[in-house]
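If you want the building blocks of each chain, they are given just below.
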Amino acid sequence: MFMDGNNTAVLPLALQGNGPRLLGWNLPTEDIHLLIPHWQAFEAPPFYYHLLLALVYFVLMVISTVGNGIVIWIFSTTKSLRSPSNLFIVNLAIFDLCMMLEMPMLLYNSYYQRIMGGDLACTIYAILGSFSGIGGSATNAAIAFDRYKTISSPIDGKLSRGQAIMLITFTWFWSLPFTILPTLQIWGRYVPEGFLTTCSFDFLSNNDETRVFVACIFTWAYCIPMFLIAIFYLNLFKHVRAHEKMLKAQAKRMNVQSLSANRDAKSVEIRIAKAAFTIFFMFVCAWTPYAIVALIGAFGNRQLLTPLVTMIPAVCCKIVSCIDPWVYAISHPRYRAALEKRLPWLGIREDLREEDTKSAMTAVTAAPTEET
Amino acid sequence: MVVAVKVFKKTTPNGKLTVYLGKRDFIDHGEFCDPIDGVVVLDEEYMRGRKVFGQLVTIYRYGREEDEVMGLKFSKELIIGKEQVFPMVNAKMEMTPMQERLIKKLGTNAFPLTFQFPQSSPTSVTLQPGEEDQGKPLGVEYYVRVFVGDNEDDKAHKRSSVSLTIKKLQFAPPTRGRRLPSSLVSKGFTFSQGKINLEVTLDREIYYHGEKITANLVVTNNSRKTVKSIKVFVVQHCEVTMVNAQFSKHVASMETREGCPITPGASFTKSFFLVPLASSNKDRRGIALDGHLRDDDVNLASSTLGAEGKTSSESMGIVISYSVRVKLNCGTLGGELQTDVPFKLLNPAPGTVERERVNAMKKMKSIEKHRYENSHYDDEDDSNIVFEDFARMRMNEPE
């Protein structure tokens, strides 16, 4: 019987024959309980959809493994990078790698056009997703907090190593409740979704338990981190603006007659605003699709949730987990310097960027400071 | 006998331009500040058709380089003086005696370079880095930069520019005044009658670096509690106005049980001696020092003297103050009785008798160092000017 299923999967179009197949047609009977009735109303996606998705995941998997892998490797082996702040970046890379571990499972599932391995595989897939997703969001908030502290009081306000480790432990605990509860089916549960090749928490079952679960996870994993990120970066930006203003006033008192000073002061603010907005925007891009889909599933018009639509959010958050190392680490001058030293063939030129900021600085100061 | 005058010099990497400075420490006298007077000597061939500019630059460093995130720099460079050195714009420029002498000696290719510290520019202060800290130390730093370029805002090139770190310092006024700072506090206790009185008086208002501070304590115990122990600290208060940060560090401390316990009804009088020194606070992160150029003559940051009628918050930079803090430990339930007596810690003003004495002491301490310096005196030099290489002395030069 298993063989049968497999064969049909391998030779899809030929056997599709008469009439459209519905989702879940190839699920073995022992896994049929995983199927939410909602999906049975849809046609099974053609094999090339699976192929396409698998291709996207494969590319993301490679990018994520390389990006996050190098981040963990460089940050943990370079002495000058072992600061408390960088622990957060490593933590984020660990979460992102967790998310990456899902991807080989999807490749395998896609080939057979269904979730393979029954309950256990589905649960593992979903645990990886929810643990890394929620943990990553919390880490994003922790990074925002750390940056706010560092920039608002650079001399005495920095997080100590102990505090940083405590915050990191906190991010792990933050992601635990909504990982463990559905695993043990105490509250919520994990089910296949979309093409039935991926698993996530159930947001489609038509009962109050599911609806409350969705509302809670929406608040816990989306609203709260997003709110924190927004607050910290907003305050950070406000602080930078006030500080620039103060320095400008002092420059005026000392008769620094450099007209271009104003221009540069603005550019510092804009640079910070851009960086902060990028990170906030990334968070929104990563998790808003998921939030919307889950909310529609629980409270809205479910007919909107076609298999294809529900696959979009999963891809979004995976894309962001691949971009993270670029956003957080590559923009880190010391990390780039270390990369340049370790992997010279990457062709990273640290001094290039140095020049960039310098000329921006030059506007105020007309003076290049030679760093490093 | 003519005393040799020491002159500091530094040459650009390409060797075409040399800057001479009469000194590296410039004194803020309150009403006025020493001008920064130097001389630039140019290579005649090389300079044909080129222009040379000088800048007085201050750098505020208020965060460690390794903590910089989001492309934000924790340092700010302000150019507080600009001047075209060559070709000379103002030929009739007034020169200081030092400049006149140097120009006479160095010939026709020597040009004067003069800067004034602007009003409300802060004094040089360095915050001692911790052992793990990389990068340049935090604080306020000044340097004179001379470079070859097309206009005064031109970018300096490494090969044809030179930077000399200088310090702006404040010295004690010539007379130290007679006022003795003191503080009287008392502490009552809930559920218990009577008070403990503590009076602390210092033997001076202004101390010089390295001097012994005498704190006279009078404790009168009219309460029912006992004083278990006495702690005396010298506290350095450091206000970094650039980032609105304020912190206090103990730079000297002692704890004693002498005369303790001071029982109800008893009183106790005693003098404590403390010497706050930079050398006893080595490697402690965040201790403020007078901007250090070399390691061996470093001293704790001098108290910031505000101009009359000016609050410290108006002057940007790092504001330093000191106090003697006395803590009486009145037992676990009694808590602590604490008081602060402010004083000033400064270098003696040059020319005063005290100055001579301190200098003599310093010389004794560093005979070795002195010898080393002597060996570098230019023997060919027949006049009484001694040239000292600037680069060798500098620990934290901006390259």
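Given the structure is predicted, the values throughout are model-derived calculations rather than measurements.

**Student:** Could you give an account of the overall build of chain A, naming the residues involved and the relevant values?
**Tutor:** When helices and strands are tallied, chain A shows 12 helices and 2 strands. Taken from N to C terminus, the helices and strands of chain A fall in the order α-α-α-α-α-α-α-β-β-α-α-α-α-α. Put simply, chain A has 372 residues, and 53% of those count as buried. As displayed, chain A offers around 16700 Å² of accessible surface, 69% of which is attributable to carbon and sulfur atoms.

**Student:** Can you break down the overall build of chain B residue by residue, with the values?
**Tutor:** Regarding its fold elements, chain B presents 6 helices and 21 strands. Residue burial in chain B is summarised as follows: out of 399 residues, 54% are buried. As displayed, chain B has an accessible area near 18800 Å², and 49% of this comes from carbon and sulfur atoms.

**Student:** Residues and numbers for the UniProt feature "transmembrane region" (unreviewed entry) in chain A, please.
**Tutor:** Residue and element names in this part refer to chain A. UniProt records the feature "transmembrane region" (unreviewed entry) at residues 47-75, 87-111, 123-143, 164-187, 212-236, 275-299 and 311-331, using the numbering of this structure. Taken end to end, residues 123-143 is 100% helix and 0% strand, and its first and last C-alpha atoms sit 29 Å apart. Taken end to end, residues 164-187 has its terminal C-alpha atoms 31 Å apart, with 79% of it in helix and 0% in strand.

**Student:** Can you lay out the sheet that holds strand β14 (residues 213-221) of chain B for me, pointing to particular residues and giving the numbers?
**Tutor:** All names here are of chain B. Taken in spatial order, the 4 strands line up as β11-β12-β14-β17 in an open sheet, and their pairing is antiparallel. With one partner strand each, in any of the chains shown, β11 (182-189) and β17 (267-274) form the two edges of the open sheet. Taken pair by pair, the neighbouring strands of this sheet meet at an average axis angle of 15 degrees, ignoring direction. In this sheet, strand β12 (residues 192-202) lies alongside β11 in antiparallel orientation, the contact comprising 8 bridges. Note that in β12 the partner of valine 185 across the bridge is leucine 198.

**Student:** A description of the packing of helix α5 (residues 118-152) of chain A against helix α8 (residues 208-253) of chain A should follow, citing residues and the corresponding values.
**Tutor:** Residues and elements named next belong to chain A. At a minimum axis distance of 9 Å, the contact between α5 and α8 shows a crossing angle of 15 degrees. Put simply, α5 runs roughly parallel to α8. In this structure, α5 meets α8 at a crossing whose hand is left-handed. On α8, the residues touching Ile134, Ser137, Asn140, Ala141, Ile143, Ala144, Phe145, Arg147, Tyr148, Ile151 and Ser152 of α5 are Ile217, Trp220, Ala221, Pro225, Leu228, Ile229, Phe232, Tyr233, Asn235, Leu236, His239 and Val240. Looking at the contact of α5 with α8 residue by residue, the class counts come to 17 nonpolar, 5 polar and 1 charged.

**Student:** I'd love a proper account of the environment of serine 64 of chain A, names of residues and values included.
**Tutor:** Residue and element names in this part refer to chain A. Structurally, serine 64 is set in helix α3 (residues 47-77). C-alpha separation for the pair serine 64 and isoleucine 323, spaced 259 residues apart in sequence, amounts to 7.8 Å. Once residues within four sequence positions are removed from consideration, serine 64 is found in contact with Gly69, Asp96, Leu97, Met100, Ser321 and Cys322.

**Student:** Give me the lowdown on the interface of chain A and chain B, citing residues and values where you can.
**Tutor:** Where interface size is quoted, it is often the accessible area lost as the parts come together. If you look at the interface, chain A gives 40 residues, while chain B gives 46 residues. Between chain A and chain B, a total of about 4100 Å² is buried, with carbon and sulfur atoms accounting for 60% of that surface. Linking chain A with chain B are 2 salt bridges, by the criterion used here. Between lysine 158 of chain A and aspartate 67 of chain B there is a salt bridge; the shortest N-O distance is 3.6 Å. The interface formed by chain A and chain B holds 1 residue pair in polar contact (both at pLDDT 80 or more) in total.

**Student:** Can you break down the nonpolar core residue by residue, with the values?
**Tutor:** Formed by 131 residues in total, the largest nonpolar core has its most connected members in Tyr233 of chain A together with Leu17, Ile230 and Leu328 of chain B. The leading source of residues in this core is helix α9 (residues 260-299) of chain A, at 10 residues. If we skip the residues at most four places from it in the chain, isoleucine 230 of chain B touches Leu217, Met254, Glu255, Thr256, Glu258, Cys260, Ile262, Phe268, Phe272, Val326, Lys327 and Leu328 of chain B. Of all hydrophobic cores here, the second largest spans 42 residues; its members include Leu53, Val214, Ala221 and Ala298 of chain A.

**Student:** Which residues make up empty space enclosed by the protein, and what values go with them?
**Tutor:** Residue and element names in this part refer to chain A. A full pass over the atoms with the stated rule returns 13 cavities of 30 Å³ or more. The space that makes up the largest cavity amounts to roughly 360 Å³. Along the walls of the largest cavity sit 26 residues, with Ser200, Phe201, Ile217, Trp287 and Tyr290 positioned nearest its centre. Elements with a minimum of two residues in the lining of the largest cavity: α4 (84-112), α5, β2 (198-201), α8, α9 and α10 (307-330). Broken down by element, the lining of the largest cavity gets its largest block of residues, 7 residues, from α5. Its residues assigned to classes, the lining of the largest cavity comprises 18 nonpolar, 5 polar and 3 charged.

**Student:** Account for the sheet that holds strand β20 (residues 336-346) of chain B, naming residues and giving values.
**Tutor:** Residue and element names in this part refer to chain B. Overall, mixed pairing links the 5 strands, which are arranged β13-β20-β19-β15-β16 in an open sheet. Because the sheet does not close on itself, it has two edges, and the strands there are β13 (206-208) and β16 (245-256). Along the sheet, successive strands turn relative to each other by an average axial angle of 35 degrees, direction set aside. The sheet contact formed by strand β19 (residues 318-329) and β20 spans 8 bridges and is antiparallel. Paired with lysine 327 across the bridge in β20 is glutamine 338.

**Student:** Quick one: what's the story with the side chain of serine 302 of chain B, residue by residue and with numbers?
**Tutor:** All names here are of chain B. For serine 302, the position within the fold is in the loop between β18 (288-290) and β19. Serine 302 gets classed as buried once you look at its relative accessible area, which sits at 8%. At a separation of 2.8 Å, a polar atom in the side chain of serine 302 contacts the side chain of aspartate 290. Non-local contacts of serine 302, meaning those with residues more than four positions away in its chain, are made with Gln170, His209, Asp290, Ile320, Tyr322, Leu345, Leu346 and Asn347.

**Student:** Provide a residue-level description of the pairing of β14 of chain B, including the pertinent values.
**Tutor:** Residue and element names in this part refer to chain B. Direction of pairing for β12 relative to β14: antiparallel, over a ladder of 7 bridges. In the strand pairing of β14, valine 200 is matched with leucine 217. Of the strand pairs in this sheet, β14 and β17 are connected by 8 bridges, and their pairing is antiparallel. Among the inter-strand pairings, threonine 220 is bridged to a residue of β17, identified as serine 267.

**Student:** Outline the packing of α4 of chain A against α10 of chain A, supporting the account with residue identities and numerical values.
**Tutor:** Residue and element names in this part refer to chain A. Relative to each other, α4 and α10 sit at 150 degrees, their axes nearing to 9 Å. When the axes of α4 and α10 are compared, the pair comes out roughly antiparallel. Judged by the twist between their axes, the crossing of α4 over α10 is left-handed. Contact residues: α4 offers Ile89, Leu92, Asp96, Met99, Glu102 and Met103, while α10 offers Cys317, Lys318, Ser321, Asp324, Pro325, Tyr328 and Ala329. Counted by class, the contact of α4 with α10 contains 8 nonpolar, 1 polar and 4 charged residues.

Definitions and limits used
Residues numbered from 1 in each chain as written. Chains lettered and ligands numbered in written order. Predicted model: local features only at pLDDT ≥ 70, side-chain atom pairs only at ≥ 80, totals over all residues. Heavy atoms only, no water. Helix = DSSP H or I, 4+ residues; strand = E, 2+ residues; numbered from the N terminus. Buried < 20%, exposed > 50% of the residue type's maximum accessible area, 1.4 Å probe, protein only. Areas by Shrake-Rupley, 256 points an atom, 1.4 Å probe, with all protein chains shown as cover. UniProt positions renumbered as here; feature names shortened; annotations may be inferred. Pairing = 2+ DSSP bridges. Axes fitted to C-alpha atoms, helices over the stretch in contact; angles between N-to-C directions. Parallel < 35°, antiparallel > 145°, perpendicular 65-115°, else oblique. Left-handed = near helix turned anticlockwise from the far one by under 90°. Contact = heavy atoms within 4.5 Å. Nonpolar A, V, L, I, M, F, W, Y, C, P; charged D, E, K, R; others polar. Buried area = accessible area lost by both parts, 1.4 Å probe. Salt bridge = Lys/Arg side-chain N within 4 Å of Asp/Glu carboxyl O. Polar contact = N/O pair within 3.5 Å; in protein donor to acceptor, adjacent residues only side chain to side chain. Core = buried A, V, L, I, M, F, W, Y, C linked by side-chain atoms within 4.5 Å. 1 Å grid on protein atoms, 1.4 Å probe; cavity = no way out; pocket = protein on both sides within 12 Å on 5 of 7 lines; lining within 4 Å. Points joined across faces, edges and corners; volume = space filled by probe spheres on them.

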